[in-house]
Amino acid sequence: MTTATRNPLTRPNKAQLAQQEFAKLLASASARGFHGTAGITLSVQDGAIQHLKINVEKMVK
């Protein structure tokens, strides 16, 4: 009897993806000359991350 197993390498882990996106966001927002807001919103359902929303708002001075 054979059983099918899901290969975890086919889709990126959402928690790892959130960490990577936050690192990119933090690097760009902490650059000299950036004025504004930046954030990540996680949509979570039953303890699992469903969606990531990345928001960057720059102010022009």
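Everything quoted here is computed from the prediction, not taken from an experiment.

1. A short note on the overall build of the protein chain
When its secondary structure is counted, the protein chain shows one helix and two strands. Beginning at the N terminus, the succession of helices and strands in the protein chain can be written as α-β-β. Considering the protein chain as a whole, with its 61 residues, one finds that 5% of them fall into the buried category. For the protein chain, the computed accessible surface area is about 5,600 Å², with 53% contributed by carbon and sulfur atoms.

2. Section: helix α1 (residues 14–29)
The end-to-end C-alpha distance of α1 is 22 Å, a good match for the 22 Å that 16 residues give at a rise of 1.5 Å each. With a side-chain oxygen positioned 3.2 Å from the backbone nitrogen of Ala15, the residue opening α1 is Asn13.

3. A short note on the pairing of strand β1 (residues 36–45)
When β1 meets strand β2 (residues 48–58), the two strands line up antiparallel, connected through ten bridges. Its bridge partner being in β2, Leu42 is matched across the sheet by Leu52. Hairpin remark: β1 followed by β2, antiparallel, with two residues in the connecting loop; positive phi at Asp46, about 55 degrees.

4. With respect to the environment of Lys53
Among the secondary structure elements, Lys53 is positioned in strand β2. On a C-alpha basis, the gap between Lys53 and Glu21 in space is 9.9 Å, while along the polypeptide they are 32 residues apart. Those residues within four positions of Lys53 in sequence are excluded, and the remaining contacts are Gly39, Ile40 and Thr41.

5. What to know about the environment of Leu42
For Leu42, the position within the fold is in strand β1. Judged by its relative accessible area of 39%, Leu42 falls in the partly exposed class. Once residues within four sequence positions are removed from consideration, Leu42 is found in contact with Ala18, Ile49, His51 and Leu52.

Rules of the game
Residues numbered from 1 in each chain as written. Predicted model: local features only at pLDDT ≥ 70, side-chain atom pairs only at ≥ 80, totals over all residues. Heavy atoms only, no water. Helix = DSSP H or I, 4+ residues; strand = E, 2+ residues; numbered from the N terminus. Buried < 20%, exposed > 50% of the residue type's maximum accessible area, 1.4 Å probe, protein only. Areas by Shrake-Rupley, 256 points an atom, 1.4 Å probe, with all protein chains shown as cover. Expected span 1.5 Å × (residues − 1). Polar contact = N/O pair within 3.5 Å; in protein donor to acceptor, adjacent residues only side chain to side chain. Pairing = 2+ DSSP bridges. Contact = heavy atoms within 4.5 Å.

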